[in-house]
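Residue-level structural notes
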Amino acid sequence: MKVFIVTRNAPGKDFIGGAELQAWLIAKYLQKDYGWQTLYVALEGEAESRETRDDAEFCYLSGKKEGLRQSFRRFGKLIRKERPDLCYIRDFRYLFPLAVVAWTRGVPVVFNTTHEKNLYFYCGWQGVKGTLLHALAFMTLYFVTVITNNESHAKNLAARGIKAAAIINSIEDNYCECIAKKKRV
């Protein structure tokens, strides 16, 4: 099984975030524990490049100053060349364009919620581009496999007609009602 794991940035010397760290761990351990071929695809990096580090293979689609349009074009070329079996996307803002590129190449998409804002069609004005990309990303949730890190997100999406599987992290799930009730006692 060959999996692309996609975020805007990759964890590195100048950037690290929760979604990026989780994506790196998934890339590393799917390969190590299950023998899956994984490629961590970062839309932006210092420059277009490819490297192996931290027990994972990374592909940077563009430099920070090149713009994301170039990344989306290169993402399409990379999918055509590498032919992954699955794209696991961890960037909500760019879920729609990335999913369209993957779908046109016949590659199924999995998305993992990263924030409560991922659960709503409209979550405040973000400028024309940001608000439009957010709405399109939310609509995309109806057509991809959705994973959440807690049961609260899965229930919230189910109330909107979106099927989502909760895969709880190894850390305590603070959104679970049973845990919240225990804490109040």
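The coordinates are above.
Please read these numbers as outputs of a predicted model, since none were measured by experiment.

Scoring rules and cut-offs
Residues numbered from 1 in each chain as written. Predicted model: local features only at pLDDT ≥ 70, side-chain atom pairs only at ≥ 80, totals over all residues. Heavy atoms only, no water. Helix = DSSP H or I, 4+ residues; strand = E, 2+ residues; numbered from the N terminus. Buried < 20%, exposed > 50% of the residue type's maximum accessible area, 1.4 Å probe, protein only. Contact = heavy atoms within 4.5 Å. Areas by Shrake-Rupley, 256 points an atom, 1.4 Å probe, with all protein chains shown as cover. Axes fitted to C-alpha atoms, helices over the stretch in contact; angles between N-to-C directions. Parallel < 35°, antiparallel > 145°, perpendicular 65-115°, else oblique. Nonpolar A, V, L, I, M, F, W, Y, C, P; charged D, E, K, R; others polar. 1 Å grid on protein atoms, 1.4 Å probe; cavity = no way out; pocket = protein on both sides within 12 Å on 5 of 7 lines; lining within 4 Å. Points joined across faces, edges and corners; volume = space filled by probe spheres on them. Pairing = 2+ DSSP bridges. Right-handed = clockwise from strand over helix to strand, strands pointing away.

Regarding its fold elements, the protein presents six helices and eight strands. Element order for the protein, N to C, with α for helix and β for strand: β-α-β-β-β-α-β-α-β-α-β-α-β-α. Looking at the protein as a whole, 47% of its 185 residues qualify as buried. Of the contacts formed within the protein by residues at least 6 apart in sequence, a portion of 50% connects residues at least 24 apart. Element-wise, carbon and sulfur atoms account for 55% of the exposed surface of the protein, whose accessible area totals about 10,300 Å².

This next bit is on the packing of helix 3 (residues 95-104) against helix 4 (residues 127-140). To characterise two packed helices, one gives the angle between the axes of the helices and the distance between these axes. At a closest axis distance of 7 Å, the pairing of helix 3 and helix 4 adopts a crossing angle of 50°. If you check the angle between helix 3 and helix 4, you find them oblique. Contact residues: Leu95, Phe96, Pro97, Ala99 and Trp103 in helix 3; Leu133, Leu136, Ala137 and Thr140 in helix 4. Looking at side-chain class alone, the contact of helix 3 with helix 4 contains eight nonpolar, one polar and no charged residues.

So, about the layout of surface pockets. Taken as a whole, the largest pocket encloses approximately 510 Å³ of empty space. Taken together, 21 residues line the largest pocket, and the ones lying closest to its centre are Gln22, Ile26, Tyr88, Asn112 and Ile167. Sorting the residues of the lining of the largest pocket by element identifies strand 1 (2-7), helix 1 (18-34), strand 5 (86-89) and strand 6 (109-112) as the ones contributing at least two each. With seven residues, the top contributor of residues to the lining of the largest pocket is helix 1. Partitioned by chemical class, the residues of the lining of the largest pocket number 14 nonpolar, five polar and two charged.

Another aspect to go through is the pairing of strand 7 (residues 145-148). A regular strand places its side chains on the two faces of the sheet in alternate fashion. The pairing of strand 6 with strand 7 spans three bridges and is parallel. Looking at the pairing, Phe111 lines up with Val146 of strand 7. Crossover handedness for the path strand 6 to helix 4 to strand 7: right-handed. Viewed along the sheet, the connection from strand 7 through helix 5 (residues 151-158) into strand 8 (residues 164-166) turns out right-handed.

Remember, this is a structural readout, not a statement about activity or role.
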